[in-house]
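So the chains spell out like this:
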Amino acid sequence: MGGGKIRSGRLRRMWRDGRTRILFWTGLVALIFGVLDLGQPVEQLLYVARAQAQHKASGGIVIVGVDERSLERIPSVPWPRRAHAALADRLNSLGAARVFFDFDFSLPSQPADDRAFAAALERLHGRGTLALRFLIDPITKKRVDSFPLETLRKRANLANINAQYMAHGSLWSIPYALTYAGRDYPSFASALSSKPGPVNEMFPIDYSIDPKTIPVLSAIDILDGRVRPEAVRGKVVIIASTTLRLGDEFIMPGHGPTPGVYAQVLGAETLLAGRPVVVGWMLPLLLALGAAAICAYARRVPVAASSIIVGLTAALFLPLVLEAHGVRAEIAPALVMLLGAAGVRTWLVFRRTLRERGTTNQITGLPNLNALRKEEPRGEVPLIAARVQNYAQICAALQTDEERTLAAQIAARLSVGGSMTSVYQGDEGIFAWFAPEQADLDEHLNALHALFRSAIVVAGHRFDLAITFGVDTNGDRLIASRLGGALAAAEEAAAESRRWKRYAHDQGEDASWRLSILSQLDAAIGAGDLWVAYQPKIDVKTKQAIGAEALVRWTHPTKGEISPMEFIPAAEQSGRIEKLTEFVLDRAIRSGALAAKRCPHFNMSVNLSPKLLGAFPLEAKVMELLKKFNLPPECLTLEVTETATLARAEADLAPLHRLRARGVQISIDDYGTGLSTLDYIKRLPASEIKIDKSFVQAVGKSQSDRLMVHSTIQLAHSLGHKVVAEGVEDLATFETLAAMGCDIVQGFYFAKPMTFSHLTPFIPGWRKASAA
């Protein structure tokens, strides 16, 4: 009984020891990081840095790429199976050990081509491998297995090409094998390397293998007989798309967009070097716990610091040694443990230092904000904070004793007309106090602001003070929180050119983030963080690009890609949309002019915000830019949403009518989301109707949406308008739209939004003009 009390007392004393709490809380946070895999972005960033020390591939696996030259010779997408048959025969004659085809052969093509390809596979005598995969239906969420045609798969081996991609398109691991229709099939990586592994078990790809050292041959060179036999003899060959134009790509860590075949080949090269061993995050975390314990319990700061430095050095560089021997360790939880322990220990030292400094400003002698925080709550008495915006600049011109005089004069003026007992001084021109009892806030603060219209004289020099006030009236909060609210209100008052402002307690995280976005959006254009992406618009009949839509993008230096749905509405609400639109128009018209030189009828589309209709010199700005870059007006399309035009008066639409009369094309964007009538559409100066993607993507699933799209196409054609369908993401949707008579399509099936340099291969005549 007594022993139990003693142990309980020891535990309580250990818990009251701040060092034990450091270990407990940092260990708990690190454990949560590991269990929930929250450190994945950090792991990936550190791995990419370590993978820069690259080594060569084995050379035993050769990529035969259907590249740009191959597509120029045989301009058919997908590539005809007679070409695949010829490739298989040619590689067979050159002595290839095995041949893999990284293409989808699940649907029939020309019967003669299918028979030729099946015969070629037969001649490989079991050394050919075809791809299978599964898809997830976006509506039902059910898995659908996709096998090659029966006549093909019975003459070849099968291997899967499925992989688990991250949200941004990167790929870090590949399965050894997966199950399809009750049977286990290896992944391409496992089959290429002849290194089988457990079903459903993933292994990490070794991105320290230099992809440039993987042998790559052009498919057209193979067919033309320009490849020497020793290039493929006895080697494993994989035939795949090596041009990003065909859409088979992933984000290779450290490299960016890369043809998808490299993922499987690098996976195979990984296995050829030895099966990776993954030790996970628990072992590194336990080692970090030891360093953190030394940090927490060391009495001397240098010893604590040294333990963290040694631990961090080991965590950052030991994985480099392990990975050279095929061992992968996850260190993010260990880093959280080490940095958390160091941060808390530093905070405790810092807090102790603050306490030692006391509650008085060392220069002026006035009570500081620590003293304010220790004050007893005053209930509903307003807490006022003043911020002298140019305090730092004034102090830079003063000596220490003169700064004391400056602060004393400011405090004296703030005390005029009130019964407050103290003015508290913070750093950088911050002063705070509780409002006098029974005082009218508006009169009190306006009177104080009037006092500061007169310059303050210090050492014979006159200084004009720029001062604003903020007020917090919520007595239910802690004084520290109230002070923060008052200071935030003072800063907002300065930004809005007001004398004072009351803190709004219902401001949430959304408002704070919106303010953060706006404060950075102003500088993003000049800093080069804002750019324009282009998505090709494809003519349905010719399947060639006849134009592109310009889409603004923001790559934040620390937050990465910011969604347009996040910053465009914020720009509209804050009055910054005009500057943003001018930027997009400038870039789009400039790019359109470059494209028009090679393809005179190439059209560039730009979205217009509803906020600009009737409140922006739209016509003048558009014509100015067209003249500046020498782009014919008919090569520019302005897209205005259907809902925006419905909400506008006739006078607001007048600039669109004038622009249309001068040759600029007008498109009704997102058609179908509003409530347009035929008479209203006929009154708009539109030359094009763009069907919203929500209807386009449902044409294969919803009879009502299919009828809506079909009737819209017929209506537009009867009015002399062209029809654009956006959001086309698969072949079936494209073929349905083509059968309906749709004129133009755009969507991920053909290309994602891209930089202008990546758009140029889509522009008819660009490659020919460049070669000339």
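Residues numbered from 1 in each chain as written. Predicted model: local features only at pLDDT ≥ 70, side-chain atom pairs only at ≥ 80, totals over all residues. Heavy atoms only, no water.

A. Layout of the overall build of the chain. A count of helical and extended segments in the chain gives 30 helices and 31 strands. Looking at the chain as a whole, 47% of its 772 residues are labelled buried. Within the chain, contacts between residues at least 6 apart in sequence are counted, and of these 72% link residues at least 24 apart. Of the roughly 37900 Å² of accessible surface on the chain, 56% is carried by carbon and sulfur atoms. (Helix = DSSP H or I, 4+ residues; strand = E, 2+ residues; numbered from the N terminus. Buried < 20%, exposed > 50% of the residue type's maximum accessible area, 1.4 Å probe, protein only. Contact = heavy atoms within 4.5 Å. Areas by Shrake-Rupley, 256 points an atom, 1.4 Å probe, with all protein chains shown as cover.)

B. Layout of the nonpolar core. Core analysis: the largest hydrophobic core is formed by 80 residues, its most contacted members being Leu638 and Val745. In terms of residue count, helix α21 (residues 577-598) provides more of this core than any other element does, ten residues in total. Beyond its immediate stretch of four places on either side in the chain, valine 745 contacts Pro536, Lys537, Ile538, Val540, Ala725, Val728, Phe734, Leu737 and Phe750. In terms of nonpolar packing, the next biggest core, distinct from the first, is built from 39 residues, Val62, Phe147, Leu158 and Val237 among them. (Core = buried A, V, L, I, M, F, W, Y, C linked by side-chain atoms within 4.5 Å.)

C. Structural detail: the pairing of strand β13 (residues 256-259). Where strand β12 (residues 249-252) and β13 come together, four bridges link them in antiparallel fashion. Residue pairing in the sheet places glutamate 249 in a bridge with proline 259 of β13. In textbook terms, the turn of a hairpin is the stretch between consecutive antiparallel strands, and for β12 and β13 this stretch comprises three residues, one of which, glycine 254, has a positive phi near 85°. (Pairing = 2+ DSSP bridges.)

D. Highlighting the pattern of salt bridges. Counting across every chain of the model gives 31 salt bridges. Residue arginine 69 pairs with aspartate 221 through a salt bridge whose shortest N-O separation is 2.7 Å. With arginine 69 in helix α4 (residues 68-73) and aspartate 221 in helix α9 (residues 219-223), the pair connects residues that are 152 residues apart, well separated along the chain. According to the relative accessible area criterion, aspartate 221 is buried, its value standing at 15%. One continuous salt-bridge network, built from bridges that share partners, spans Arg69, Arg73, Asp221, Asp224 and Arg226. (Salt bridge = Lys/Arg side-chain N within 4 Å of Asp/Glu carboxyl O.)

E. Expanded view of the side chain of glutamate 402. Structurally, glutamate 402 can be placed in helix α16 (residues 400-415). Lacking a salt bridge, the buried glutamate 402 has arginine 404 as its closest oppositely charged neighbour, with an N-O distance of 10 Å. For glutamate 402, the side chain forms a polar contact with the main-chain nitrogen of glutamine 399, separated by 2.8 Å. Sequence-distant contacts of glutamate 402, that is, excluding residues within four places in its chain, are made with Ala397, Val458 and Ala459. (Lys, Arg positive; Asp, Glu negative; His and termini not counted. Polar contact = N/O pair within 3.5 Å; in protein donor to acceptor, adjacent residues only side chain to side chain.)

F. Local environment of unusual backbone geometry. Following valine 77, the chain continues into proline 78 via a peptide bond in cis, with omega recorded as 0°. With respect to the helices, strands and loops of the structure, proline 78 is situated in the loop between α4 and α5 (81-94). Its identity as a non-glycine residue notwithstanding, aspartate 37 has a phi of 60°, on the positive side. With respect to the secondary-structure elements, aspartate 37 resides in the loop between α2 (18-36) and α3 (40-50). Judged by its relative accessible area of 38%, aspartate 37 falls in the partly exposed class. A positive phi angle, close to 50°, is found at alanine 181, a residue other than glycine. Relative to the helices and strands, alanine 181 resides in the loop between β7 (177-180) and β8 (183-186).

G. Fine view of the environment of glycine 547. Mapped onto the elements of the fold, glycine 547 is located in strand β24 (residues 545-556). Classification of glycine 547 by relative accessible area gives buried; the value is 2%. Separated by 52 residues in the primary sequence, glycine 547 and cysteine 599 have C-alpha atoms spaced 9.7 Å apart. Other than its neighbours up to four places away in sequence, glycine 547 contacts Gln535, Pro536, Lys537, Phe602 and Asn603.

H. Focus on the packing of α21 against helix α22 (residues 618-629). Contact geometry for α21 and α22: axes closest at 9 Å, N-to-C directions at 35°. Judged by the sense of rotation from one axis to the other, the crossing of α21 with α22 is right-handed. Note on element contacts: α22 touches α21 through Lys621, Val622, Leu625, Leu626, Lys628 and Phe629, opposite Glu582, Leu585, Asp586, Ile589, Arg590 and Ala593. Classifying every residue of the contact of α21 with α22 by side-chain character gives seven nonpolar, no polar and five charged. (Axes fitted to C-alpha atoms, helices over the stretch in contact; angles between N-to-C directions. Left-handed = near helix turned anticlockwise from the far one by under 90°. Nonpolar A, V, L, I, M, F, W, Y, C, P; charged D, E, K, R; others polar.)

I. Quick look at the packing of aromatic side chains. Taken as a whole and judged by the stated rule, the model has 18 aromatic pairs. An angle of 45° between the planes, with centres 6.0 Å apart, marks the rings of phenylalanine 134 and tyrosine 180 as tilted. With a gap of 46 residues between them, phenylalanine 134 in strand β3 (residues 128-136) and tyrosine 180 in strand β7 connect regions that are remote in the sequence. Relative accessible area serves as the criterion here: at 0%, tyrosine 180 is assigned to the buried category. When the centroid spacing of 5.2 Å and the interplanar angle of 75° are considered together, the rings of phenylalanine 734 and phenylalanine 750 count as edge-to-face. Here phenylalanine 734 is found in helix α28 (residues 731-740), whereas its partner phenylalanine 750 is found in the loop between β31 (744-746) and α29 (756-759), with 16 residues between them in sequence. (Phe/Tyr/Trp six-rings, centres within 6.5 Å; stacked < 30°, edge-to-face > 60°.)

J. Examining the sheet that holds strand β21 (residues 467-472) more closely. Pairing is mixed in the open sheet, where five strands are placed in the order β17-β18-β16-β21-β22. Strand pairing shows two members of the sheet lacking a second neighbour, β17 (424-425) and β22 (500-502), which therefore form its edges. Where α16 meets the sheet, its contacts fall on β16 (383-388), β17, β18 (430-434) and β21, and the angle it forms with β18 comes to roughly 30°. Where helix α18 (residues 479-495) meets the sheet, it contacts β16, β18, β21 and β22, and its direction lies at approximately 140° from that of β21.

K. Looking closely at α3. Looking only at α3, the buried set comprises Glu43, Gln44, Tyr47 and Arg50. On an axial view of α3, the arc spanned by its buried residues comes to 125°, and they lie on one face. Facing away from the buried side of α3 by more than 90 degrees, the exposed set consists of Pro41, Leu45 and Ala49. (Arc of directions from axis to C-beta.)

L. Summary view of a nonpolar patch on the surface. On the surface, Phe24, Trp25, Leu28, Leu31, Ile32, Val35, Leu36, Leu38, Met282, Leu286 and Leu289 cluster together into a nonpolar patch covering about 1000 Å² of accessible area. Where the nonpolar patch is concerned, the elements lending two or more residues are α2 and α11 (282-297). Of the residues forming the nonpolar patch, the biggest block, seven residues, is contributed by α2. Summarising the element assignment, leucine 38 is placed in the loop between α2 and α3. For leucine 38, a relative accessible area of 45% translates into the label partly exposed. (Patch = residues over 30% accessible without salt bridge, like charges linked within 9 Å, V, L, I, M, F, W, Y side chains within 5 Å.)

M. Broad picture of the state of the cysteines. For the coordinates displayed, the defined rule picks out zero disulfides. Left unpaired, cysteine 599 is separated from the closest cysteine sulfur, that of cysteine 635, by 8.5 Å. Judged by its relative accessible area of 3%, cysteine 635 falls in the buried class. (Disulfide = S-S within 2.5 Å.)

N. Layout of the environment of glutamine 399. Assignment of secondary structure puts glutamine 399 in the loop between α15 (391-395) and α16. For the pair formed by glutamine 399 and alanine 459, sequence separation is 60 residues and the distance between their alpha carbons is 9.6 Å.

O. Here's a closer look at the pairing of strand β28 (residues 665-671). Burial of β28 is extensive: six of the seven residues sit out of reach of the surface. Relative to β28, strand β27 (residues 636-641) is paired through five bridges, and the arrangement is parallel. Residue pairing across strands places glutamate 639 opposite serine 667, the latter belonging to β28. As paired strands, β28 and strand β29 (residues 688-691) are joined by three bridges and run parallel to one another. Paired with serine 667 across the bridge in β29 is glutamate 688.

Everything listed here is a matter of coordinates, which is why it stays silent on function.
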